[in-house]
Amino acid sequence: MTEKIKNITIALAGNPNSGKTTVFNSLTGMRQHVGNYPGVTVEKKEGLCHHKDFVLNIVDLPGTYSLTAYSAEEIVARNFIVEEKPDVVVDVIDSANIERNLYLAVQLMEMEAPIVLAFNMSDVAKNKGLIFDIEMLSSLFGLPIVQTIGNKDQGINELLEATVKTAQDKQRCSNLRIKYGKEIEDELEKLQQQLQTEKDLLKKFNSRWIAVKLLEQDEEILKQVKDTKVLDAAQDSINHLREIFGEEPEIIIADRRYGFISGACQEAVKNTIETRHNRSDMIDAVVTHRVFGLPIFVALMYIVFDLTFRIGKWPMGWLEGLFGFLSRYISGFWPTGQESLIKSLIVDGILGGVGGVVIFLPNILLLFMAIAVLEGTGYMARAAFVTDRIMHKIGLHGKSFIPMLIGFGCTVPAIMACRILENRRNRITTILVLPLFSCGARITIYALFIPAFFALKWRGAVMLLIYFIGIVLAVIAAKILRLTLLRGETVPFVMELPPYRMPTFKAILIHMWERGWLYLKKAGTVILVISVILWFAGNFPRSAVEQEEEDISQKQILEYSITGRLSGFLEPAFKPLGFDKRIVTALIGAMAAKEVFVAQMGITYAISEHEDVSVLREKLRADYTPLQAFCIMLFCLISAPCVATVAVTRAETGRIGWAIFQWAGLTALAYVVTLVVYQLGMYLS
Amino acid sequence: MKSKEEISLRKVSSGTLVMLLKIDAGQGLKVRLAAMGLLPGVQFTVINNGHPGPFVIDLKGNRMVLGKGMADKMLVKPISKND
Ligand SMILES: Nc1nc2c(ncn2[C@@H]2O[C@H](COP(=O)(O)OP(=O)(O)O)[C@@H](O)[C@H]2O)c(=O)[nH]1
């Protein structure tokens, strides 16, 4: 050891539910950074860890079962290993479930990555009666193996030790090669010969791995092959193997890998007792029951939401107080009567806009805490199953149900919760229709109009009708999207049912913190900008006359401003929907956040802040019919998701295009639906 | 029960050990299942055959839940029946 490596990059790989996140948290503590892998919406977590003289940069790869090209996660994981060349790949293995977890390890080995195996869940394995001959396994695979218990921080030091040692080792890759049997080996050899010309590919991957991938018809690799002769040769080999085995070579290859693992385990793993997780089975018999499963799920979700809003009320109040104090404090700098534009910008534009977002932070933290608990215990997998029967009918996965429920609270965390959906098409479809689930902010609009226009006994029904229309439209839209733009095999349901576990406090805290920070950062920055723009549009230009006058009213400023003029311009287009200029003005404001609609209405009617909302209702009743009121609510429900939603959709889908599509699509839908309802209503009455 | 016969997994009763013979699905799905250890030739026990409740199998000590559609697509051979 003449020179010491000080900085080491570690990639953390592993199956879902192997305890990978727990190990990652244990290694990095709170020093984490969440982002996305470039170009895709796969979450990338990084963190630092100090061990002796070394600084380890740990990158959490997506949890996968395999390294094929069938999912974005798997491609991301293997590209990271190939392109970033981490010094060591630590593969976290659920040792209570050893064979399936080693499947990924074997594929990592084939990539000639330097690997350390972390046999996690070793306490669970022990309870199951599994005894490992670690030394033998280590030599069979040619890799260092460390036993760990992630949630108790056990074995983490030893894991770091082995990792650092491997990083310094020159011969750090396993030299084990799985033998695929004569027929396949012959074809592999042929292909390897052919591959000599593919200089670019060979720079990145070893030739045997490329040959295996060609037999597996790996789309990512096929795309990178330049020589058509290679492709022809690969096709010949595949046809040949198909003929011999009567099965796709890909399946045979998987079978051989499992064969190797089984062999190794037979030698080095002993199973002493034949007990299974019976307690989990018993709980499952109840919570996934065909009849009781759904009510139990709904009840649990109800408790989650109820607690979220009940407990969240207090910190929300504090935050509201804080922002109120800030705006009063800042206003205090300007003597009354000398209202400055800068004051208005800071107080109405910035504090108003950002405050409106920050206020929801407690709700979001609580919600994600609850989700972290449900996920950590293993219940989420069951919930997905229970709701799958319903969701499947509209071409979505059972797990889509959870974001939809959250959507009734606020669309922004709902879209963020879509990360639990692995399938990209499913995720995007769900994100796109989420704004149709009427969020809490829209209640302010219903609360203004419904009591103004409908008799007490009809109020509940009207409200329910609005919500119901949203749900029906979402179902139809999802179905249409799945049949057109986002078509794809609705993956038949297969899922692992992890045994029930007690999640750790630390994991929940970290999860909560991550989501909260993402929310503040992503939504916050965009919201700030848009709030300022909308403030500007609502205040400028100003007429010269007005500036001279002492008491120019908000109403006059608004009418003269860009927003006012724009609504005048747009008014004819909204006439057929029964909207006048005032409504259009308020709708423009609602683009920032749905609550703004009510505030803007107040301004156009020159209602001062001190007056009761019933004054506004009175004036509304004088100007509009119940049909118009209903149409306004309908339009607010469907149209233009708020700025925060647009920002989060962009961030979570990775493309501004989807956000624009969502915004424009929903606005168009709102226009058509409202038009039909209004015209039909007019015709009938 | 007829043994040594190919039957759809859907029709297998709880507690039966079966061997997977064939999955009637597209390439992508087959490979995904293979990665999870569901390959032709593999043996597993049916824990719950779906009525009432979900279709659950035990694959080497690991519980997996299958949709009804999935269970329809899998052809298996019962190996023994423990009552
Ligand atoms: N008994 C036990 N539980 C663990 C161990 N490692 C993680 N867990 C728990 O397993 C659950 C899933 O872990 P997580 O890290 O979220 O899994 P991931 O899906 O691989 O990221 C959590 O409730 C953890 O607390 C371990 O070594 N032993």
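Residues numbered from 1 in each chain as written. Chains lettered and ligands numbered in written order. Predicted model: local features only at pLDDT ≥ 70, side-chain atom pairs only at ≥ 80, totals over all residues. Heavy atoms only, no water.

**Remarks on the overall build of chain A**
Assigned secondary structure in chain A consists of 32 helices and ten strands. Across its three principal axes, chain A shows a C-alpha extent of roughly 90 × 55 × 55 Å. Across the 685 residues that make up chain A, the buried fraction comes to 53%. Accessible surface computed for chain A: about 31400 Å², of which carbon and sulfur atoms make up 62%. Positive and negative side-chain charges of chain A, numbering 70 and 70 respectively, have mean locations separated by a distance of 3 Å. (Helix = DSSP H or I, 4+ residues; strand = E, 2+ residues; numbered from the N terminus. Buried < 20%, exposed > 50% of the residue type's maximum accessible area, 1.4 Å probe, protein only. Areas by Shrake-Rupley, 256 points an atom, 1.4 Å probe, with all protein chains shown as cover. Lys, Arg positive; Asp, Glu negative; His and termini not counted. Charge placed at Lys NZ, Arg CZ, Asp CG, Glu CD.)

**Some words on the overall build of chain B**
Of regular secondary structure, chain B possesses two helices and six strands. Ordered by position in the sequence, the α and β elements of chain B form the string β-β-α-β-β-β-α-β. Taking all contacts inside chain B whose residues are at least 6 apart in sequence as the whole, residues at least 24 apart take part in 62%. As presented, chain B carries roughly 3400 Å² of accessible surface, and 51% of it is formed by carbon and sulfur atoms. (Contact = heavy atoms within 4.5 Å.)

**With respect to the domain arrangement of chain A**
Domain annotation of chain A identifies domain 1 (7-168), domain 2 (182-271) and domain 3 (295-490 + 502-684). Placing a centre on the C-alpha atoms of domain 2 of chain A and another on those of domain 3 of chain A gives a separation of 51 Å. (Domains from an automatic or database assignment.)

**A look at the packing of aromatic side chains**
Residues and elements named next belong to chain A. Going through the model one piece at a time under the given rule, you end up with 15 aromatic pairs over all chains. For the ring pair Phe-325 and Tyr-329, a centre distance of 5.8 Å and an interplane angle of 20 degrees mean the geometry is stacked. Note that Phe-325 and Tyr-329 are positioned in helix H14 (residues 293-331) at a spacing of four residues, about one turn of the helix. Joined through ring pairs, the aromatic side chains of Phe-574, Phe-579, Phe-635 and Tyr-671 make up one cluster. Sitting over the ring of Tyr-500, Arg-382 keeps its end group 4.0 Å from the ring centre. Sitting over the face of the ring of Tyr-560, Arg-565 holds its NZ or CZ atom 4.6 Å from the ring centroid. (Phe/Tyr/Trp six-rings, centres within 6.5 Å; stacked < 30°, edge-to-face > 60°. Lys NZ or Arg CZ within 6 Å of the ring centre and 35° of its normal.)

**Here's the deal with the pattern of salt bridges**
All names here are of chain A. One pass over the structure, following the stated rule, counts 25 salt bridges over all chains. In this structure, Lys-182 and Asp-186 form a salt bridge, with 2.8 Å as the shortest nitrogen-oxygen distance. Remark: Asp-186 and Lys-182 occur in helix H7 (residues 182-194); sequence separation between them is four residues, near one turn of the helix. Exposure remark for Asp-186: the relative accessible area of 34% places this residue in the partly exposed category. Linked by salt bridges that have partners in common, Glu-110, Lys-213, Glu-216 and Arg-257 make up one network. (Salt bridge = Lys/Arg side-chain N within 4 Å of Asp/Glu carboxyl O.)

**Remarks on the site of the ligand**
All names here are of chain A. By nearness alone, 20 residues border the ligand, and Gly-19, Lys-20, Thr-21, Thr-22 and Asp-123 come closest of all. At 2.5 Å from an oxygen atom of the ligand is found a side-chain nitrogen or oxygen belonging to Thr-22. Between an oxygen atom of the ligand and a side-chain N or O atom of Asn-120, the distance comes to 3.1 Å. When isolated, the ligand has an accessible area of 580 Å², and the protein chains bury 85% of it. Of all the elements in the fold, those that place two or more residues in the shell around the ligand are helix H1 (20-28) and helix H4 (122-127). Among the elements that make up the shell around the ligand, the one with the highest residue count is H1 (three residues). Along the lines of polarity and charge, the residues of the shell around the ligand split into six nonpolar, eleven polar and three charged. Residues from two domains meet in the shell around the ligand; each of domain 1 (7-168) and domain 3 (295-490 + 502-684) gives at least three. (Near = heavy atom within 4 Å. Polar contact = N/O pair within 3.5 Å; in protein donor to acceptor, adjacent residues only side chain to side chain. Nonpolar A, V, L, I, M, F, W, Y, C, P; charged D, E, K, R; others polar.)

**So, the pairing of strand S5 (residues 62-66) of chain B**
Of all five residues in S5(B), five are buried; the element is thus mostly enclosed. The two faces of S5(B) match: Asn62(B), Met64(B) and Leu66(B) on one face and Arg63(B) and Val65(B) on the other face are all buried. Pairing between strand S10 (residues 494-496) of chain A and S5(B): three bridges, direction antiparallel. By the bridge assignment for S5(B), Met495(A) is matched with Val65(B). Pairing analysis gives five bridges linking strand S4 (residues 55-59) of chain B to S5(B), with the strands arranged antiparallel. Looking at S5(B), one finds that Leu59(B) is bridged to Asn62(B). Hairpin geometry of S4(B) and S5(B) is characterised by an intervening segment of two residues between the two adjacent antiparallel strands and by a positive phi of about 50 degrees at Lys60(B). (Pairing = 2+ DSSP bridges.)

**Some details on the interface of chain A and chain B**
If you look at the interface, chain A gives 33 residues, while chain B gives 34 residues. Interface area, chain A with chain B, both sides summed: about 2900 Å², of which 60% is carbon and sulfur. Along the contact surface separating chain A from chain B lie two salt bridges. Of the charged contacts in the structure, one is a salt bridge between Glu247(A) and Lys30(B), with a shortest N-O distance of 3.4 Å. Looking at the side of chain A that touches chain B, the elements that each hand over two or more residues are helix H3 (98-110), helix H12 (249-268) and S10 of chain A. Of the residues forming the side of chain A that touches chain B, the biggest block, six residues, is contributed by H12(A). (Buried area = accessible area lost by both parts, 1.4 Å probe.)

**Quick look at the pairing of strand S3 (residues 43-51) of chain A**
All names here are of chain A. By the bridge criterion, seven bridges tie S3 to strand S4 (residues 54-60) in an arrangement that is antiparallel. If you follow Lys-45 over to S4, its bridge partner there is Asp-60. The hairpin formed by S3 and S4 contains two residues between the paired strands, and Lys-52 there has a positive phi angle of roughly 55 degrees.

**Re a nonpolar patch on the surface**
A cluster of nonpolar side chains, Leu300(A), Tyr302(A), Ile303(A), Leu307(A), Ile311(A), Trp314(A) and Trp318(A), forms an exposed patch at the surface whose accessible area comes to about 780 Å². Overall, Trp318(A) belongs to the exposed group, its relative accessible area being 64%. (Patch = residues over 30% accessible without salt bridge, like charges linked within 9 Å, V, L, I, M, F, W, Y side chains within 5 Å.)

**Brief notes about the nonpolar core**
Ranked by size, the top nonpolar core spans 96 residues in total, and within it Leu9(B), Leu38(B) and Phe44(B) carry the most contacts. By residue number, the principal contributor to this core is H12(A), which donates nine residues. Counting only domains with at least three residues in this core, you end up with domain 1 (7-168) and domain 2 (182-271) of chain A. (Core = buried A, V, L, I, M, F, W, Y, C linked by side-chain atoms within 4.5 Å.)

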